[in-house]
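Coordinates in review
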Amino acid sequence: MLGGGIIPNSLSIEKEASSVIYNQDNKHIALAQKLILLSVFSCFTYQWVARVIIVATVLTFMFLPGIRKIVFSKKSSFVVLAFSVLGWIVSLCYVNINGIVAYPMFFAIMYFCIVVRDIMTRAFFEKMLDVMCAGGCFASFVAAIEKILHIPNYSIRVQAGFPNPNFLGAALMIAVFVCIYKVAKKKKKPIVYFVVAVINAG
């Protein structure tokens, strides 16, 4: 997700998410950023909670005129979203149930990523990383509670709401790498990120 132009350095920050559009629709941008942060945090909670929140967020983006204008101001957005719709139509023609169900979610994810790409600023990027750290701590706390509830069966691998333990481990490692990035960038209060990394690595 951090690829494809979302990292602020690759955006060069020269326009700060197209400053003209950004200034015109500041309220919509602010709301979109809050919804994105909520969606990011939800990815560290129960999987179905994350799915509902992300889909609800995308639907909100579709009805926000300021966000819709930003999304469709670039031709690349049309190409990506048209591919999603075409894939769904093909699946429908061949009665491919998996495709019929999966492509709307793929469309939602692509729409979500396009919005993130187009409203990203350096400050928002750093805030999003902080939310990921908080989400990792939350998942670690849930995993610890789950582990305690299964005492004395110490061999059980906890999931903390993720589809399987491997996904939980991947999410926590992402939070650890974010902490490493924060410390490497010499952010304020590095001890905080050190503690967060220890919590997620535990």
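Here goes a summary of the coordinates provided. (Residues numbered from 1 in each chain as written. Predicted model: local features only at pLDDT ≥ 70, side-chain atom pairs only at ≥ 80, totals over all residues. Heavy atoms only, no water.)

1. Section: the environment of F44
Note the threshold: In this text, helices come from DSSP runs of H or I with a minimum length of four residues, and strands from runs of E with a minimum of two, each type numbered from the N-terminal end. Here's how the labels work: a residue is buried when its accessible area is under 20% of the maximum for its type, exposed when over 50%, partly exposed in between, all with a 1.4 Å probe on protein chains only. Should any heavy atoms of two residues lie within 4.5 Å, those residues are counted as being in contact.
Summarising the element assignment, F44 is placed in the loop between α3 (26–42) and α4 (47–63). Exposure remark for F44: the relative accessible area of 5% places this residue in the buried category. As for F44 and F167, which are separated by 123 residues in sequence, their C-alpha atoms are 9.9 Å apart. Apart from residues no more than four positions distant in its own chain, F44 is found in contact with M132, G135, G136, F138, A139, F162 and A171.

2. With respect to unusual backbone geometry
Residues other than glycine seldom take positive phi values, yet V95 does so here, at roughly 50 degrees. For V95, the location among the structural elements is in the loop between α6 (75–93) and α7 (97–119). Note on V95: relative accessible area 57%, which makes it exposed. Positioned with a positive phi, A160 is a non-glycine residue whose angle comes to about 55 degrees. Looking at the element boundaries, A160 is found in the loop between α8 (122–149) and α9 (165–184).

3. Some words on the packing of aromatic side chains
We apply this condition: Note on ring pairs: Phe, Tyr and Trp rings are taken, using the six-membered ring of Trp, and paired if centres are within 6.5 Å. Classes follow the plane angle, with under 30 degrees stacked, over 60 edge-to-face and the rest tilted. By the criterion adopted, a ring carries a charge over it if an Arg CZ or a Lys NZ lies within 6 Å of its centre and within 35 degrees of its normal.
Considering all chains together, one arrives at 8 aromatic pairs under this definition. With a centroid separation of 6.3 Å and 80 degrees between ring planes, the pair formed by F125 and Y181 is classed as edge-to-face. One end of the pair, F125, is in helix α8; the other, Y181, is in helix α9, with 56 residues separating them in the sequence. Take F125: its relative accessible area is 6%, and that puts it in the buried class. On the accessibility criterion, Y181 (27% relative accessible area) is partly exposed. Linked through ring pairs, F72, F78, F107 and Y111 together constitute an aromatic cluster. Taking the ring centre of W48 as reference, the NZ or CZ of R51 above it sits at 4.3 Å.

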